[in-house]
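# Coordinate inspection notes
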Amino acid sequence: MGMVGPTSFWSSYTFWTGSSIAASILAVNTVPQYTIGQSIAKTATAIFFAQWLVYLIYAVLLYPRYFSPLRHLPTVKEGNHPIMGQWFAIAGEPSGEPMRRWLNTVPNDGLVRYFGMFNRERVLLTSPKALAEVLNTKNYEFQRPQFLLRGIMRILGVGLLLSEGDDHKYQRKGLTPAFAFRHIKELYPVFWSKSREMVKTIEEVELVQKKPNVEAEIGGWASRAALDIIGVGGMGQDFNSLADPNTELNKTYRSVFSPSRQAQILGLLQFFIPAWIVENLPIKRNGDIMAASKLARDTSFQLVRQKKEQMARKEQLHPDIISIALESGQFTDEKLVDNMMTFLAAGHETTASSLTWAAYMLSKHPEVQTRLRQEVHEHIPSLNNEINDTLIDGMPYLHAVCQEVLRFYSPVPVTLREAVINTSIQGHYVPKGSVIMLCPWAINRSEELWGPDAGEFNPDRWMKPGTANSGGATSNYAFLTFLHGPRGCIGQKFATAEMACLVAALVGKFEFEQTYPDEEIIIKGGITARPKNGMRLNLKVVECVGDGSGEGVLIQKSALDQAWSLETYDQLARIRAHHQSVLGLNLSQDRNLLFSCGVDSVVNVWDSSSLRRLYSLHSPFEVGDIFCVAYSQRLKTVFSGAQNSSIQWHHFVSPTIDGPAENGVPTSRKHRFFDSLGPGGVPTAHSNGTEGPIRAIGGQAITISPACYKAYAHKSYIYSMILAKGLLEDGTDQEVLITADGKGTIKLWTTGALGDAGLQLLHKLKSKGSSVLNLAYKAPFLYAGLSNGQAHIYNLISQQLVQKLDACDTGITQIQILGSDFFCGANGGSVTHFDHRYAKLKSWQAHKGKILATATSKVGSRKLLVTGGNDNSIAFWSVTNESDQARPQTNTNDELFSSLRQFVSFRTVAKNPACVGDCHEAADFLRKLCNAFGAQTSLISPQDNLNPLLLATFEASIHAKRRKTLLFYGHYDVVDAQESKDGAATWYTDPFSLHPLNGYLYGRGVTDNKGPILAALYAIAELVQDGDLGCNIVFLIEGDEEAGSRGFMKAVQEHKAEIGAVDYILLSNSYWLDDHVPCLTFGMRGVVHASVEVTSGKPDQHSGMDGKAFQHEPLKDLTVLLASLIGPSGMDIRIPAFHDSVDPLQPSELRAYKGIATSLVAGHPEIKNEDAFTQSLMQRWREPNLTVHSITVPETKTAVTISSRAKATLSVRIVPSQKADEIASSLRTFLEERFEYLQSRNSIKVSITAKADPWLGRVHSEIYEELREAIIEAWSFDASSHRDFAGSQEPSSPIIAPNIRVRGRRASALSSAGTFTAASTPHEPLFIREGGSIPAISFLEREFDAPAAMFPMGQASDNAHLDNERMRVENLYKGRDVLKMLFARLGRSTNFSIRNRASTITI
Ligand code: HEM
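For the chain, an unreviewed UniProt entry supplies the name Peptidase M20 dimerisation domain-containing protein and the organism Lithohypha guttulata.

Taken together, 28 residues form the shell around the ligand, and within it Arg144, His168, Arg172, Thr415 and Cys489 come nearest. Thr415 places a polar side-chain atom, nitrogen or oxygen, 2.5 Å from an oxygen atom of the ligand. Contributions of two or more residues to the shell around the ligand are made by helix H7 (165-175), helix H15 (333-347), helix H16 (349-364), strand E5 (415-419) and helix H22 (492-509). Looking at the shell around the ligand, the element that brings in the most residues is H16, giving 3 residues. Counted by class, the shell around the ligand contains 15 nonpolar, 9 polar and 4 charged residues.

Orientation of H16 relative to H22, taken along the N-to-C sense of each, is 40 degrees, at an axis distance of 10 Å. Here H16 lies oblique to H22, going by the angle between them. Once H16 is placed against H22, the crossing between them reads as right-handed. Here Thr351, Ser354, Leu355, Ala358, Ala359 and Leu362 of H16 lie close against H22, whose contacting residues are Ala495, Glu498, Met499, Leu502, Val503, Leu506 and Val507.

Right, let's talk about a positive patch on the surface for a bit. Residues Lys715, Lys743, Lys764, Lys766 and Lys768 make up a contiguous surface patch of positive charge. Tracing the sequence through the fold places Lys715 in the loop between strand E21 (709-710) and strand E22 (718-724). Using a relative accessible area of 63% as the deciding quantity, one classes Lys715 as exposed.

Turning our eyes to something else, we now look at the nonpolar core. In terms of nonpolar packing, the biggest core is built from 136 residues, with Leu125 and Met198 touching the most fellow members. Examining the composition of this core, we find that 12 residues originate from one element, H22, more than from any other. Non-local contacts of Leu125, meaning those with residues more than four positions away in its chain, are made with Gly110, Leu111, Ala130, Leu131, Val134, Ile425, Ile436, Met437, Leu438 and Ile443. Tyr794, Phe903, Ile1033 and Ile1059 belong to the second largest nonpolar core, which has 125 residues in total.

The next thing to look at is the coordination of the iron atom of the ligand. Just one protein atom donates to the iron atom of the ligand; it is Cys489 (SG), sitting 2.3 Å from the metal. Within the element layout of this structure, Cys489 appears in the loop between helix H21 (447-450) and H22.

What follows is about the UniProt feature "transmembrane region" (unreviewed entry) in the chain. According to UniProt, the positions carrying the feature "transmembrane region" (unreviewed entry) are residues 13-31 and 43-63. Its end C-alpha atoms 28 Å apart, residues 43-63 is made of 100% helix and 0% strand.

If you trace the 4 strands from one edge of the open sheet to the other, you get E22-E23-E24-E25, paired in antiparallel fashion. The open sheet has two free edges, formed respectively by E22 and strand E25 (760-766), since each of these has just one partner strand. Each strand of the sheet is rotated relative to its neighbour by a mean of 20 degrees, with strand direction disregarded. Of the pairings in the sheet, the one linking strand E24 (residues 745-750) to E25 comprises 6 bridges and is antiparallel in character. Among the inter-strand pairings, Ile746 is bridged to a residue of E25, identified as Leu765.

We now examine the environment of Ile322. For Ile322, the location among the structural elements is in helix H14 (residues 321-328). Distance from Ile322 to Met340, taken between C-alpha atoms, is 7.0 Å for residues 18 residues apart in sequence. Excluding anything up to four places from it in sequence, Ile322 contacts Gly234, Met235, Lys307, Leu336, Asn339, Met340 and Phe343.

Rules behind the numbers
- Sequence positions are assigned chain by chain, starting from 1 and proceeding in written order.
- With the structure being a predicted model, the display of local features is reserved for residues of pLDDT at least 70 and the display and counting of side-chain atom pairs for 80 or more, all residues being used for whole-chain, interface and lining totals.
- To get the side-chain values, take all heavy atoms of the structure and skip hydrogens and water.
- The nearness test applies per residue and asks whether one of its heavy atoms lies within 4 Å of the molecule or strand.
- Under the rule applied, a polar contact is a pair of N or O atoms within 3.5 Å (in protein, one hydrogen donor and one hydrogen acceptor; residues adjacent in sequence only if both atoms are side-chain atoms).
- Strands here mean DSSP runs of E at least two residues long; helices mean DSSP runs of H or I at least four residues long; both are numbered from the N terminus.
- Classification convention: Asp, Glu, Lys, Arg as charged; Ala, Val, Leu, Ile, Met, Phe, Trp, Tyr, Cys, Pro as nonpolar; all other residues, Gly among them, as polar.
- Throughout, an axis means a line fitted to C-alpha atoms (over the contacting stretch in the case of helices), and angles, computed between N-to-C directions, take values from 0 to 180 degrees.
- Under this scheme an angle from 65 to 115 degrees is roughly perpendicular, one under 35 degrees roughly parallel, and one over 145 degrees roughly antiparallel; angles in between are oblique.
- By convention the crossing between two helices is left-handed if the near helix lies anticlockwise of the far one by an angle smaller than a right angle, and right-handed if it lies clockwise.
- Throughout, a residue-residue contact means that at least one pair of heavy atoms, one from each residue, lies within 4.5 Å.
- Two distance rules govern patches: like charges are joined within 9 Å, and nonpolar side chains (Val, Leu, Ile, Met, Phe, Trp, Tyr) within 5 Å, applied only to residues with over 30% relative accessible area and no salt bridge.
- The protein chains shown are the only cover counted for residues, whose accessible areas, like all others here, come from Shrake-Rupley with a 1.4 Å probe.
- Between Lys or Arg on one side and Asp or Glu on the other, a salt bridge is scored when a side-chain nitrogen of the former is within 4 Å of a carboxyl oxygen of the latter.
- The positive count covers Lys and Arg only, the negative count covers Asp and Glu only, and His and the chain ends enter neither.
- The atom standing in for a charge is NZ when the residue is Lys, CZ when it is Arg, CG when it is Asp and CD when it is Glu.
- Burial here depends on accessible area, computed with a 1.4 Å probe over protein chains only, as a share of the maximum for the residue type. Under 20% is buried, over 50% is exposed, and the range in between is partly exposed.
- Take the buried Ala, Val, Leu, Ile, Met, Phe, Trp, Tyr and Cys residues and link them wherever side-chain atoms come within 4.5 Å; each set so joined is a nonpolar core.
- Coordinating donors are taken as N, O and S atoms within 2.8 Å of the metal, stretched to 3.2 Å for Na, K and Ca; because water is absent from the atoms, sites can appear incomplete.
- UniProt positions are given in the numbering used here, feature names are shortened, and annotations may be inferred rather than shown by experiment.
- Any two strands with at least two DSSP-identified bridges between them are counted as paired.

So, in structure tokens, the structure goes:
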């Protein structure tokens, strides 16, 4: 019998079961008296256990002592338990610790034997020779023991770590180039940027408000940083766990790669129970781990797919390891994913552990820490500096410290190998199955290999001449941290570079010591060695985020054009402004005063022309660094935001150059800088010196009043602040203070009651997971630059997040608006230019370091963007602001016309994400117009990412009698439109610029629905001006109608109280029947949109090879279903009881349809048959219809494919009194029942995608009556010639219309204008219905219990939704007149009765 271990035990297990049963059958049949109750089962069980007992005695007691071929090796005697060997020492001490002892105490020549649980033998290798044999020369004779791997294999897959033999050789060969230094060096900046993020986040999260000393558990931070680094560097996926460790993705990965206690127990169970049983136990951990690993693998597959798509587009891939492996073309997707999982497992906790131990050792050895910090600061003066491989690898002491930490606390303390054949080590016979212990923890501290000081932490051993790579040890194998040979760590260079960056950032930023210096550090066992209770350190910041110059020199920000001559770009002045770095600047509106703040906690006020200091403002509190400052000219008040998260302000009685009136000279302070005479700093803050403008002395010192202090205004550093006007609804120009912090929170404060109530919080916005570093404002948008490189844009009126833009890889330190465009300056020195539609125009490298300041200016006609970086340079960029020129100019005096021109110019396509900015701007434009006409307005946000709803309320004029309320519904969004391309004439002109032509206005949205909205608004405006508005009017204008009014109904319901009670509802969103006779619409059909999908759940098949008559095919099933829905004629709707709820045709109704036909026949000779025309109107307006819009199979199929899936989309137009809900449900039931009847094995899915109820207005209501009268008045029905001008007017613009016929959706098939004469012209508007549907109308009617009316301003040929959408100018103006009359008169009669009502309409 070979090695006795769990593997051989379990292989015997099946044999024993078989032999026990066989022996038991034999015994029961031959010697039944010796069996247990003559039962085969009982006897077999007894025999099984008897065998097991014998085996146990043999394996545990006899084999190791008397039979094992290894029994001659030197064997550990210490603590030898008769059954458990040295197991108690192994389990009770940190991994590797007992081996370290045995290696030095058991005399040996390279191999030492010891016993584990149940006396299982282990061979510990102690000499370089033995190690070289196992790791190098006989590498493939020793493999990782299978019993350890099975559990993780199902999670990781078989990547490099778990592969063996040829598979391993192939993978290793394929991956080695990706880990070559030429690639790793490209990852140094990634390592650095994450290291920097780590320390900055620690500073923000841990130090806030507790400065200077605070306790931080560095192990947790190390884990988060290491996960982020292996994510970005290994596979190009930023887990962002530093910013937010609790995202779903992070939690998933952590649960896969940081095994819980339950997982460890499960691992242990595998010693006793076969792995396949353990893996399938129905316990939570098994389910969780499989779900999490599936998600992790799916995410990884997605990443691979993305990379492949990038490759196909010939784009350069990110330089991460997996991308390089992918480019080599040697790996399948599956293998790449296996290796992604492997890198995460192998490269995450290992590096985290090494950083934790580095922090621990540096806190134990302050002299090493100080020396290292000096080296780091010499090479990297500021955290914000960029680094490369030469810079990091050029720090010998950093290298020495990292190597020594890796030697002293090897993150992988022990690992095992199993002999896969009978072999030998150093001449000793080693049978197949022997388990070999490789122990870096012991070898790395072997006195024999390292000398007598092996147990001491001494980085200098790596500093002596020629020892940088060996640490002075005599053999390569003395440093076993990454093992050696073909199975050694492939990620060694990756790991050491990463560790160097992390340590440099940590030591460069903080001074640290152990929080509990006497605490015994208990080392946690497991694969990596880490402190069990974490590593708690006290941190103190030694480097601040600043301008990097460290000199406190004022690099001009908004004052650039004062301090630099823009003609010559010569520097005119340089002021030593602060003791340390300058962090914020602000120029007063009149440009006379310049405010600066900085690390020295002081706000200085300068005369911007003489650059003399006027004041220095000090806080009575320890506020830390002051990051930002803002001055309100109106309030004569300066605000500042500080590191301790407070806001302070100071009101100047008269901030003049000639001398301030305040006397608040500070008395005594404990502040760390104020009383110091630091190099190049302010000698004293109170001096009244008279030195010239070069130095920051002089002026008056003022102590800010404790009352002007808002403690804990934020929960983190306040990085940026600005003042913005026009945000308050009272219409005053009172400013709002906007502040932003390191945790991504933006706060809006009123500055109205500073004297009494202080700052009052108005609103909060949150940019999750990142710091907001900079703010800019241009009404109504707030631009926030984030530490993750994104710019977030908010509409401050609706308080919505409008857009998230990826500007750069590093944080956005500056955001600057120029005209309608804006620029993002980055931490990494780049500037990115966006236009007003948020399109990225270009990006360029402006500076070598961080961009600290930006400003805009003009020299002559040239627009300049000025940037200042911490590379000590200021750069001037000439900016062509193309999008500015593209914007239309107002060139007409007619207000309505000019507003419409502007309104149309917003590309308000709700379905197009690129237009989101335009949509918000349009909403704001409309809101301002309403405000200007006296409305109370608000923008309602249905939800993030949806356009806001405008709610504007106009109060009836004072002498209005009954003050009823009318709700006007419209929408400012439009369907998209493309300009003509390649000569294919579509639009005459740019669809988003209004063009007059032949009496029409062309432009997208002009008739649907922007023109009617403005007509209504201008009607109100005139009435308000004249004091004649007869009713209250609520404008409810949505921005998503063309995209399905997402969130509209919910938003209306939620804001019902704000909207108030409503008496009438009015829409102007439909069309006449021709271009001549005005109409009033009183009915619309409803609609149910649905899709039906039939799937086989199998792959596509071949009709020749697989097709059978008795087989159900998805497309066949679907067509049968559709046929059964519309019957053999195709004109019947077969849903049971479908027609029952259609209102029967009343004689009066029929008369009304006939009346319409008769009226039109007079001017439309093309109506050949009046009855047929009447029928056609009825079919479209009052009868339901079912349309099948499309039938699709997933991809292009060949002529012989049997598709696995087929989908149809259809809609049912419904009519009064059908209900959308009921029809939707009976449609679904019908299809499902019919499908059931087919007895098909395929499956069906019916989805209702949209629905709207039909609508029938109350034509006898007051609103219709007033509209009818107003239309008659406005259109002067007696003067028909007046209206017949289609084509009769000259174009009013030089644009010549190409010869295109106006075509498109028409309300009827009638020719545009008709041939009416004065006598034949109808004398009334026609009361019509429409075949289309508008969901909002019946919803609003129901919701407000008020009658709705529809007044179409547009004509039949308006081409809504199509190319060359237009509106007749006359209709726009007359539409406004009609509405003016309506709004003035509505509610005028207390007792409404149908006056002067013509009898033709009796529906
Ligand atoms: C300080 C950090 C690290 C240490 C101490 C370390 C240590 C080790 C050790 C001891 C092994 C051999 C394990 C065994 O055979 O039982 C190993 C293998 C491996 N390590 Fe690392 N590792 C570190 C970081 C990394 C990183 C960052 C990566 C990936 C980017 C990585 C990828 C791997 C892989 C793929 C293997 C398997 C190699 C093979 O079997 O061919 N390691 N590592």
